[in-house]
Amino acid sequence: MSDTFPWRTRLLSTTAPAATIWIRLYVGAVFFFEGIQKFLYPDTLGTGRFDKAGIPAPGFFGPLDGVFEIVCGALILAGLLTRVAAIPMIVNMLGALLITKLPILWGDAPLFSGKSGWWDFIHDSRTDLAQLCGSVFLLIVGAGAWSIDARLARKSALDLGIRTP
């Protein structure tokens, strides 16, 4: 793509194959449903979990995290502003890994008492790592051919008189 494309077209464009939808569906669904659960089960998955993990202002950050996961998960599922939605989810997963999972390595994880070392860490981090990798992938390649982003990018390119594949 040429540098003459407006920022919107570059942001939405993707050359990723249609099969990218599988990554989008997985990553988006997990974020979306985990966000909803932060409100359905606040004591165990929302504010209470944030408090137990030692995160300051859990009454603020628990629901805020839930809202971000719902909104960004829905955007990723739809393939709309996928790259933009992936950025806060990357930060989210890095925070989850650093705050809740990394302490497992030295046996000092408030959410995972009795667990310590590499194998417990890697086991309890598997979903967070998958979400992180999926979000980074979507940030790099975009939403894929079967997405609202791709449709909007094609329309924008056509409006500029540029042929796209």
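Fair warning: this is a prediction, and the values are worked out from it, not measured in the lab.

Student: Would you take a moment to explain the overall build of the protein chain for this structure?
Tutor: The helix and strand tally for the protein chain stands at nine helices and zero strands. Starting at the N terminus and walking to the C terminus, you meet the elements of the protein chain as α-α-α-α-α-α-α-α-α. The buried share of the protein chain, taken over its 165 residues, is 39%. Here the contacts in the protein chain between residues at least 6 apart in sequence split such that 69% fall between residues at least 24 apart.

Student: What should I look at first to understand a nonpolar patch on the surface in this one?
Tutor: A surface patch of nonpolar side chains, about 420 Å² in accessible area, is lined by I87, V91, V136, L139 and I140. Taken together, the elements giving at least two residues each to the nonpolar patch come down to α6 (82–101) and α8 (126–141). A total of three residues in the nonpolar patch trace back to one element, the largest contributor, which is α8. Note on placement: I87 falls in helix α6. Taking relative accessible area as the criterion, I87 reaches 46% and is therefore assigned partly exposed.

Student: I keep staring at unusual backbone geometry and nothing clicks. Help me out?
Tutor: A negative phi holds for most residues other than glycine; trans holds for most peptide bonds. One non-glycine residue, A57, lies in positive phi territory at about 50 degrees. One can find A57 in the loop between α4 (47–52) and α5 (58–78). Given the relative accessible area of 42%, A57 is considered partly exposed.

Calculation criteria
Residues numbered from 1 in each chain as written. Predicted model: local features only at pLDDT ≥ 70, side-chain atom pairs only at ≥ 80, totals over all residues. Heavy atoms only, no water. Helix = DSSP H or I, 4+ residues; strand = E, 2+ residues; numbered from the N terminus. Buried < 20%, exposed > 50% of the residue type's maximum accessible area, 1.4 Å probe, protein only. Contact = heavy atoms within 4.5 Å. Patch = residues over 30% accessible without salt bridge, like charges linked within 9 Å, V, L, I, M, F, W, Y side chains within 5 Å. Areas by Shrake-Rupley, 256 points an atom, 1.4 Å probe, with all protein chains shown as cover. Salt bridge = Lys/Arg side-chain N within 4 Å of Asp/Glu carboxyl O.

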